[in-house]
Structures are given as structure tokens and as C-alpha cells.
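Here is what each chain is made of, one letter per residue.
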Amino acid sequence: MAKVDRRILKSQEAMKKAVIELMTEKNFDEITIQDIADRANINRGTIYLHYQDKFDLLDKLIETHINELREMGEWACKLDWYSGLLPFFEYFEKNYLFFSTMLASKGAPSFRTRLLDYITEGFKGEIDRESGKNADLSEEVMLQYAGTAYVGVIEWWIKNGMPHPPQVMAKQVGVMLERSL
């Protein structure tokens, strides 16, 4: 695999950071390519070398985070609830600006939907069918319930300035998900 030039990575990171910072200040629809270029300290043309438009840039940024969560999910689902959720809450904490902006932004409502889809897909293998506690419950309803609750807790946690450390959140959410699924 060819190594990507550091200058390209630096420019892409600057553009991604710029669009998130700008979204904390104004609605995504009001942000222009020139705004992003100015904030990232690059030429307008550089943006078009990497992205079709601001929507493509935002989509790629969201996709990067969803893919990172997906990669974590591949190994985290093999752990107990607490150990599996802790890296996620640490990731949300580390990427606070991104998640707080995406979950609060009216300009990126598709993010919450994509996050929920990713989470409900990940919960599919977690439903306890062997103990009998979920025998009469619809898998679809259970997945929506657990996924929506989890996303809602993440949203609450981030919007309230993360009032509890990731360890506390992982433990509490883990207990609740274990009871639910």
C-alpha cells in the first residue's frame, strides 16, 4: 500500500477540523468553501482536489468516524459489556468536538441516523435468546429500543459536557444494555 504524503494528510485534517469548527459557529448551509479554506489556511482549489464540495467533505468526515467505530466494534463485541463499551466512551470523549457538533447540528441530521444504524446493526448479535428472557420479544423492536437508548445516552452525555468519566458511563450503560438485550 502506497504511503500517503504527509502534506495531503495535513491538508485533509485541516479541512475536516475547519468544517467542524465552523459548524459550531453557524449552520452548515451557511458555510462556504471559502470559509473552510480560510479557516484551514489553504487555497479554495485544494479543497476541490480532495472533495467534490462541502457536502462530500462532511460525508467523508462522518464516514471516517463511523468506520473507526466499526473497527472498534469488531473486537469490542467479544468482550463483556463494560470492557466493550469503555473504548467507545473514550473515543467519544477524545472526539468531543466532532460528536458534540454532529449531535447538536441541524445541518447534519443524517449523522444521528447513521450512528443509530451502526449501533443497532452491532447489537444484532447481542440479543440473549438462550435464557428465554426475550422469547416473546421482536428482535426489531429490541434493536430499536436498545440502539435509540444508547444513542440518546451518548447524546445526553456529550451535550451536558460529559458529567461522568467514560468508565462510569461504560459501567452504567453496560448494565442497562445487558438487562435489555
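For the structure itself, look to the data block above.
Parameters at a glance
Residues numbered from 1 in each chain as written. Predicted model: local features only at pLDDT ≥ 70, side-chain atom pairs only at ≥ 80, totals over all residues. Heavy atoms only, no water. Helix = DSSP H or I, 4+ residues; strand = E, 2+ residues; numbered from the N terminus. Contact = heavy atoms within 4.5 Å. Areas by Shrake-Rupley, 256 points an atom, 1.4 Å probe, with all protein chains shown as cover. Lys, Arg positive; Asp, Glu negative; His and termini not counted. Charge placed at Lys NZ, Arg CZ, Asp CG, Glu CD. Core = buried A, V, L, I, M, F, W, Y, C linked by side-chain atoms within 4.5 Å. Buried < 20%, exposed > 50% of the residue type's maximum accessible area, 1.4 Å probe, protein only.

A. Main features of the overall build of the chain. In terms of regular secondary structure, the chain is built from nine helices and zero strands. Helices and strands in the chain line up, N terminus first, as α-α-α-α-α-α-α-α-α. Once the C-alpha set of the chain is aligned to its principal axes, its extents read approximately 60 × 40 × 30 Å. Across the chain, the fraction of contacts at a sequence separation of at least 24, relative to all contacts at a separation of at least 6, is 64%. For the chain, the exposed area adds up to about 10,600 Å²; of that, 52% sits on carbon and sulfur atoms. Charge separation in the chain, taken as the distance between the mean sites of 23 positive and 28 negative side-chain charges, equals 5 Å.

B. Spatial organisation of the nonpolar core. Counting 54 residues, the largest nonpolar core has Leu69, Phe89, Phe92, Phe111, Phe123 and Tyr150 as the members making the most contacts within it. If we ignore the near neighbours within four places in the chain, the residues touching tyrosine 150 are Leu85, Phe88, Phe89, Phe92, Ile119, Phe123 and Val173.

C. Summary view of unusual backbone geometry. Residue asparagine 41 is not a glycine yet carries a positive backbone phi of 60°. In this fold, asparagine 41 is placed in the loop between helix 2 (33–40) and helix 3 (44–50). Even without being glycine, methionine 162 reaches a positive phi, approximately 50°. Its location among the elements puts methionine 162 in the loop between helix 8 (139–159) and helix 9 (166–180).

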